[in-house]
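If you want the building blocks of each chain, they are given just below.
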Amino acid sequence: MRRQYRTTLLDETDLAATPMAQFARWFKEAVTGGLHEPNAVVVATATPDGHPSTRTVLLKAYDDRGFVFYTNYASRKARELAANPHVSLLFPWHQLSRQVIVTGTAERVPREETETYFRTRPHGSQLGAWASAQSTVIASRRELETHYEELATRYPEGAEVPVPPEWGGFRIVPETVEFWQGHENRLHDRLRYVPAPPEAWRVERLAP
């Protein structure tokens, strides 16, 4: 299967001064372009001896400090990040013939930030964070549902659900950010921000 990408060229002069400012531009265009879950991002982690794993999560915040998602700190990705903080993110915006690829390091967000975000989650999602010991083996779906039902009885709609102690956020601090724009004949644009100390970035063009 193959198709030609017919899009506007991406030139170095078109880019914002920083990768996060450029990401904000493209993310806004992804949202206004009607993409389904434009905040869906593939997170790639690896063990210290190099065994990789990937999964899709939802980006919950971004700013000049980096990209934030939330998870159970006992999950596979969290355990791998604790042992090896190097991580890669991929935003696959296929409908726009675009990708954003990030490399960086993960750090836990402050507990206060996690608690503030947790309060914005729907009641059911708050219960779900308690019900699932993420990445562990369970006997059946019924086991999961039973645990959820017990929690729903303990914390009915309107009750304050405490933040699980093992649940929280990671911020991915970017080291490089590549903006990929597809074009005809495989002559894609690949523009990558790399650090230019002390507090600046430079852009390099990669061959497709």
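Let us look at the structure shown here.

Thresholds applied
Here the residue index of a chain counts from 1 through its sequence in written order. Note on the predicted model: pLDDT of at least 70 is required for a residue's local features to be given, and 80 or more for side-chain atom pairs to be given and counted; whole-chain, interface and lining totals, by contrast, use all residues. Hydrogens and waters are ignored; side-chain quantities use all the structure's heavy atoms. Inter-axis angles, ranging from 0 to 180 degrees, are taken between N-to-C directions of lines fitted to C-alpha atoms, where helices are fitted over the stretch in contact. Secondary structure elements are taken from DSSP: a helix is a run of H or I of four residues or more, a strand is a run of E of two residues or more, and numbering for both begins at the N terminus. By the definition adopted for this analysis, an angle is roughly parallel if under 35 degrees, roughly antiparallel if over 145, roughly perpendicular if from 65 to 115, and oblique otherwise. The handedness criterion is simple: a crossing whose near helix is rotated anticlockwise from the far helix by less than a right angle is left-handed, and one whose near helix is rotated clockwise is right-handed. By definition in these notes, contact holds between two residues if any of their heavy atoms fall within 4.5 Å. Buried Ala, Val, Leu, Ile, Met, Phe, Trp, Tyr and Cys residues form a nonpolar core when they are joined through side-chain atoms within 4.5 Å. Three labels apply to residues, based on accessible area from a 1.4 Å probe with only protein chains included: buried if under 20% of the type maximum, exposed if over 50%, partly exposed otherwise in between. Directions pointing from the helix axis toward each C-beta atom define the arc. Any two strands are treated as partners once DSSP identifies two or more bridges connecting them. Aromatic contacts are taken between Phe, Tyr and Trp rings whose centres are within 6.5 Å, Trp giving its six-membered ring; a plane angle under 30 degrees counts as stacked, one over 60 as edge-to-face, and the others as tilted. Any N or O atom pair separated by 3.5 Å or less is treated as a polar contact, with the protein-specific requirement of one donor-capable and one acceptor-capable atom, and with residues adjacent in sequence counted only for side-chain atom pairs.

Turning to the packing of helix H4 (residues 123-131) against helix H5 (residues 141-154), a few remarks are in order. It is the contact of H4 with H5, at a shortest axis distance of 9 Å, that shows an interaxial angle of 125°. When the axis of H4 is compared with that of H5, the two are oblique. Crossing geometry of H4 relative to H5 is assigned as right-handed. Counting all contacts with H4, which are made through Gly 124, Leu 127, Gly 128, Trp 130 and Ala 131, the residues of H5 involved are Leu 144, His 147, Tyr 148, Leu 151 and Ala 152.

As a further point, take the nonpolar core. Counting residues in each nonpolar core, the largest one holds 31 residues, and the members touching the most others are Phe 23, Phe 67, Leu 89, Phe 91, Trp 93, Val 100 and Phe 179. Elements with a contribution of two residues or more to this core: helix H1 (19-32), strand S1 (40-46), strand S4 (66-72), helix H2 (76-83), strand S5 (86-93), strand S6 (98-108), strand S7 (167-181) and strand S8 (189-196). Beyond its immediate stretch of four places on either side in the chain, Phe 179 contacts Leu 10, Pro 19, Gln 22, Phe 23, Trp 26, Gln 99, Val 100, Asp 189, Arg 190, Leu 191 and Tyr 193.

Bringing H2 into the picture now. Every buried residue belonging to H2 is among Lys 77, Ala 78, Glu 80 and Leu 81, and all of these are buried. The buried residues of H2 occupy an angular sector of 165° when the element is viewed end-on, so they sit on one face. The secondary structure elements touched by the buried residues of H2 are S1, strand S2 (52-58), S4, S5, S6 and S7.

The next thing to look at is the pairing of S1. Of all seven residues that make up S1, five are buried, and the element is covered over most of its length. Here S1 pairs with S2 via seven bridges, running antiparallel. In the sheet register, Val 43 faces S2, and the bridge partner there is Arg 55. With antiparallel pairing between neighbouring strands as the criterion, S1 and S2 make up a hairpin whose turn holds five residues, including Gly 50 at a positive phi of roughly 95°. For S1 and S5, the ladder comprises three bridges, and the chain directions are antiparallel. Counted as the bridge partner of Ala 44 is Ser 88 from S5.

Below, the discussion takes up the packing of aromatic side chains. Scanning the entire structure with this criterion turns up 17 aromatic pairs. Ring centres of Trp 26 and Phe 179 lie 5.2 Å apart, and the angle between their planes is 90°; on these two criteria the pair is classed as edge-to-face. With Trp 26 in helix H1 and Phe 179 in strand S7, this pair connects stretches of sequence that are 153 residues apart. For Trp 26, a relative accessible area of 2% corresponds to the buried category. Owing to a relative accessible area of 0%, Phe 179 belongs among the buried residues under this scheme. Where Phe 179 meets Tyr 193, the ring centres are 5.7 Å apart and the plane angle is 75°; that geometry is what we call edge-to-face. With Phe 179 in strand S7 and Tyr 193 in strand S8, this residue pair connects regions lying 14 residues apart in the sequence.

Time to look at the side chain of Ser 75. By the secondary structure assignment, Ser 75 is in the loop between S4 and H2. On the basis of relative accessibility, which here comes to 0%, the residue Ser 75 falls in the buried class. At 3.3 Å, the side chain of Ser 75 forms a polar contact with the side chain of Thr 71. Not counting residues up to four positions away in its chain, the partners in contact with Ser 75 are Gln 134 and Ser 135.

Here the focus is the pairing of S5. Burial along S5 is one-sided: Val 87, Leu 89, Phe 91 and Trp 93 are buried, while His 86, Ser 88, Leu 90 and Pro 92, pointing the other way, are not. Direction of pairing for S5 relative to S6: antiparallel, over a ladder of eight bridges. Residue pairing across strands places His 86 opposite Thr 105, the latter belonging to S6. Count of turn residues in the S5/S6 antiparallel hairpin: four residues, of which Ser 97 carries a positive phi of about 55°.

Another aspect to go through is helix H3 (residues 111-118). Looking only at H3, the buried set comprises Thr 114, Tyr 117 and Phe 118. Angularly, the buried residues of H3 cover 100° about the axis, an arc narrow enough to put them on a single face. Residues of H3 that are exposed and point more than 90 degrees away from the buried face comprise Glu 112 and Thr 116. At its buried positions, H3 is contacted by S4, H4 and S7.

From the geometry alone we can't say anything about function, so treat these as descriptive.
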